[in-house]
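# Notes for the structure review
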Amino acid sequence: MERTIRVRFAPSPTGPLHIGGVRTALYNYLLARKYQGQFVLRIEDTDQNRFVPGAEKYILDTLQWLGIEPDEGPQQGGPFGPYRQSERKDIYQEYAQRLVQKGKAYYAFDTPEELDAMRERLEAAKIASPQYNAISREWMKNSLTLPQEEVSSRLHSGEPYVVRFKMPHKETIRFYDQVRGWVKVETATLDDKVLIKSDGMATYHLANVVDDYLMQTTHVIRGEEWLPSAPLHILLYQYFGWEQVMPQFVHLPILLKPEGHGKLSKRDADIHGFPIFPIGWHDPITKNYTPGFREKGYLPEALINFLALLGWSPGNNQELFSKEELVDAFSIERIGKSGVKFDIQKANWFNQQYIRKKSDQALASYLVVELEKNHIPYDIQQVQRVCHLLKERATFPQDFWIEGQVLFQPPATYDIDAIQKKWTPRLHYALENFVPILQNLTSFAADKIKEALITFLNEQEIKLNEMMPVIRIALMGKTAGPDLMQSMEIIGQTEAVNRIKAALETIEISRS
RNA sequence: GGCCCGUUCGUCUAGGGGUUAGGACAUCAGGUUUUCAUCCUGGCAACAGGGGUUCGAUUCCCCUACGGGCUACCA
């Protein structure tokens, strides 16, 4: 019997979402959509010490910005709530008790100091992996070693305790990962993980297994860093008697630093000057603000397209995918195994592609914001024409303002280098003589201006590519920019003439 | 250290027992253009190494090397 696909994205609210986490969310979302299943958001806030205010909202905002919104979650609710693990504490207690009763878990009373001492002792004895396990537990204070009466008196006296998983000593766990195939692990190398902490809250291990069972999760899609703890989770499913409904495991390749050493981390953002957080983050403790992909001008559809291809490939040469196309093409079988380096150049290229797909109207809104900020009056038709003109040249929305502001206001400065190279006395006088011609033009359409210019230059025996840079400097202040004639048309006759006159004066002065 | 996972151009990847090992980004060169950018054309560039298996291995197996992850009362 085929179950409805149910997947979950289970971040912990310990800070801003990492871009790798976003990819995990995306893959979950894509699978859910592809099979008309449900995408669940579960907040894994089992560690009260690491709780960061605002982090949950950040997660919600990010998913909303990207349009990968959950079907169930703390915000929208759902039949399997609550969706915050901190609100499910009692549930985990109950299931932990079941394990204790079955003899698969036990109480432990060791203090942190005692645990440290145990590890030191084992290290001193050159034990390969010092851990709380089938051997060392014999030496520790737990319900397996202490007399029954002492255990109950400790429990009843309110002494802090944890519940530990009783890892079998010699078993081989085999499980099938959808990405990696069969994985085999000896339980002898595993330890007695804490299931319930002394504050009464479950650890991730217990909570995620219980919740995935209760929430009828069919696929656990998560980062590769979870692979080592998968055997523990498998055992948990077995001991609870849930093998029949155990989810499929899908461990995603990890996102690596650009230089290729280690997991992509928050620090890489500063080092390389590219964002690593999806959206801006105000750190509530340091009060620092870190801009995200959104603030740097990456479009959500570009980010999604880029992320989708980081560890997954469609198997053909298609690179550009709408979200719908991704849903259609996505499959677990085509997820790669090896770690993936984060290449911001490729992300930029995607952004450029998506900027081009946008309409002039949509693009205009970016410019309007800047124009208003700078109190520059504008005509919306004009703004759209500017966007049309600049579209092929832009990678980020910001580029429209950077390149386009000179079409709304005169240049603040003139490029000295360019003047020295291109602005000769002969061209200066020619430009002076061209001003009246410009002024007398009855149509200021780009092609008419060009026509007049060419006629004029022919008479003067001046080459077009000599004069163009000079006009461009006069109008824009520099030699690079969009089509000059188009730009002039947008600037308009009066303004263009004024700018040339101003340049003629200013540059005359600065040269003498 | 132990355990686990991985390894095709610089990067993301396709491919797969016999291929000129394909594409994209980046890069370089040429072309178009009034400049820069775009665009077009082309170039450079990869199967980590060693053993097997096989008529034949980049592809299958093993080992080594390298890379990565995990090794908490964090997720």
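Residues numbered from 1 in each chain as written. Chains lettered and ligands numbered in written order. Predicted model: local features only at pLDDT ≥ 70, side-chain atom pairs only at ≥ 80, totals over all residues. Heavy atoms only, no water.

## Focus on the protein's contact with RNA strand B
- Close to RNA strand B lie 60 residues; Arg-180, Lys-197, Arg-393, Gly-481 and Asp-483 are nearest.
- Within 4 Å of the protein, the atoms of RNA strand B are drawn from sugar and phosphate moieties in a proportion of 70%.
- At 2.9 Å from a phosphate oxygen of RNA strand B is found a side-chain nitrogen or oxygen belonging to Lys-197.
- In this structure, a phosphate oxygen belonging to RNA strand B sits 3.1 Å away from a side-chain N or O atom of Arg-334.
- For the surface near RNA strand B, the secondary-structure elements that each account for two or more residues are helix H4 (112–124), strand E4 (162–165), strand E6 (181–186), strand E13 (340–341), helix H12 (344–357) and helix H19 (464–476).
- Sort the elements by how many residues they give to the surface near RNA strand B and H12 lands first, with four residues.
- Of the residues contributing to the surface near RNA strand B, the split by class is 18 nonpolar, 18 polar and 24 charged. (Near = heavy atom within 4 Å. Polar contact = N/O pair within 3.5 Å; in protein donor to acceptor, adjacent residues only side chain to side chain. Helix = DSSP H or I, 4+ residues; strand = E, 2+ residues; numbered from the N terminus. Nonpolar A, V, L, I, M, F, W, Y, C, P; charged D, E, K, R; others polar.)

## Side note on the nonpolar core
- The biggest cluster of nonpolar side chains holds 117 residues, and the ones touching the most others in it are Ile-19, Trp-423 and Met-467.
- The element contributing the most residues to this core is helix H1 (residues 19–34), with nine residues.
- Phe-109, Ala-202, Val-209 and Val-220 belong to the second largest nonpolar core, which has 38 residues in total. (Core = buried A, V, L, I, M, F, W, Y, C linked by side-chain atoms within 4.5 Å. Buried < 20%, exposed > 50% of the residue type's maximum accessible area, 1.4 Å probe, protein only.)

## Here's the deal with the confidence of the model for chain A
- Looking at chain A, the pLDDT average stands at 93 and 97% of residues meet or exceed 70.
- Our summary of model confidence lists the complex with pTM equal to 0.94 and ipTM equal to 0.95. (pLDDT = per-residue confidence, 0-100.)

## Regarding the domain arrangement of chain A
- The domains assigned to chain A are domain 1 (6–74 + 208–256), domain 2 (90–196), domain 3 (266–354), domain 4 (358–407) and domain 5 (416–511).
- Averaged C-alpha coordinates put domain 2 and domain 3 at centres separated by 39 Å. (Domains from an automatic or database assignment.)

## Examining the pairing of strand E9 (residues 248–252)
- Judged by how many residues are buried, E9 sits mostly within the fold: four of five residues are covered.
- Direction of pairing for strand E8 (residues 219–223) relative to E9: parallel, over a ladder of five bridges. Paired with Val-220 across the strands is Phe-249, a residue of E9.
- In this view, the connection linking E8 to its parallel neighbour E9 by way of helix H7 (residues 230–240) has right-handed handedness. (Pairing = 2+ DSSP bridges. Right-handed = clockwise from strand over helix to strand, strands pointing away.)

## Quick word on the packing of helix H17 (residues 425–440) against H19
- Axis separation between H17 and H19 bottoms out at 10 Å; the angle between their running directions is 70 degrees. The pairing of H17 with H19 is recorded here as roughly perpendicular in orientation. For the crossing formed where H17 meets H19, the hand is right-handed. Across the interface between the two elements, Arg-426, Leu-427, Ala-430 and Leu-431 of H17 pack against Glu-466, Met-467, Val-470, Ile-471 and Ala-474 of H19.
- Grouping the amino acids of the contact of H17 with H19 by side-chain chemistry returns seven nonpolar, no polar and two charged. (Axes fitted to C-alpha atoms, helices over the stretch in contact; angles between N-to-C directions. Parallel < 35°, antiparallel > 145°, perpendicular 65-115°, else oblique. Left-handed = near helix turned anticlockwise from the far one by under 90°. Contact = heavy atoms within 4.5 Å.)

## As for the pattern of salt bridges
- This structure, assessed with the given rule, holds 29 salt bridges.
- In this structure, Arg-8 engages Asp-212 in a salt bridge whose closest nitrogen and oxygen atoms are separated by 2.9 Å. You can see Arg-8 sitting in strand E1 (residues 6–9) and its partner Asp-212 sitting in helix H6 (residues 204–214), a full 204 residues away along the chain.
- Glu-224 is paired through a salt bridge with Arg-180; the nearest N and O atoms lie 3.7 Å apart. Linking Glu-224 in the loop between E8 and H7 with Arg-180 in the loop between strand E5 (172–177) and E6, this pair joins segments that are 44 residues apart in sequence.
- Connected through shared salt-bridge partners, Arg-8, Arg-42, Glu-44, Arg-88, Asp-211 and Asp-212 make up one network. (Salt bridge = Lys/Arg side-chain N within 4 Å of Asp/Glu carboxyl O.)

## Quick notes on H12
- Taking 1.5 Å per residue, 14 residues should reach 20 Å; H12 reaches 20 Å between its end C-alpha atoms and fits that length.
- Where H12 is buried, its residues contact helix H9 (293–296), helix H10 (300–308), helix H13 (360–373) and helix H15 (398–404). (Expected span 1.5 Å × (residues − 1).)

## Focus: the sheet that holds E4
- On the basis of which strands lie adjacent, the open sheet formed by three strands has the order E3-E4-E7 and antiparallel pairing. Either end of the sheet is taken by a strand with one partner, and the two such strands are strand E3 (105–108) and strand E7 (194–196). Geometrically, the sheet is characterised by an average inter-axis angle of 45 degrees between neighbouring strands, direction not taken into account.
- With two bridges joining them, E4 and E7 adopt antiparallel strand pairing. Across the sheet, the residue bridging to Val-163 is Ile-196, located in E7.

## Describing unusual backbone geometry
- At the junction of Gly-81 and Pro-82, the peptide bond is cis and its omega measures out at -5 degrees in the coordinates.
- Turning to its location among the elements, Pro-82 is positioned in the loop between helix H2 (55–66) and helix H3 (89–101).
- Located in the positive-phi region is Lys-126, a residue other than glycine, with phi close to 60 degrees.
- Positionally, Lys-126 belongs in the loop between H4 and helix H5 (148–156).
- Given the relative accessible area of 74%, Lys-126 is considered exposed.
- With a phi angle near 70 degrees, Lys-287 is a residue other than glycine that sits in the positive phi range.

## Concerning the environment of Glu-159
- The topology assignment puts Glu-159 in the loop between H5 and E4.
- With residues near it in sequence (within four places) discarded, Glu-159 still touches Phe-109 and Arg-154.
- Polar side-chain contacts of Glu-159 include one of 2.6 Å to the side chain of Arg-154.

## Focus: H4
- Across its 13 residues, H4 extends 18 Å between first and last C-alpha, which sits within 8% of the 18 Å expected from 1.5 Å per residue.
- For H4, the set of buried residues is Leu-115, Met-118 and Leu-122. All buried residues of H4 lie within an arc of 60 degrees about the axis, which places them on one face of the element. Facing away from the buried side of H4, by more than 90 degrees, are the exposed residues Pro-112, Glu-113, Glu-120, Glu-123 and Ala-124.
- On its buried face, H4 sits against E4.
- In the segment just after H4, Lys-126 is the residue with positive phi, at about 60 degrees. (Arc of directions from axis to C-beta.)

## A short note on the packing of H6 against H7
- The geometry of H6 relative to H7 is characterised by a closest axis approach of 10 Å and an angle of 55 degrees between their N-to-C directions. For the element pair H6 / H7, the angle class is oblique. By crossing handedness, the relation of H6 to H7 is classed as right-handed. Counted together, Tyr-204, His-205, Leu-206, Asn-208, Val-209, Val-210 and Asp-212 of H6 and Leu-232, His-233, Leu-236, Tyr-237 and Phe-240 of H7 form the full contact between these two elements.
- Among the residues forming the contact of H6 with H7, the class breakdown is eight nonpolar, three polar and one charged.

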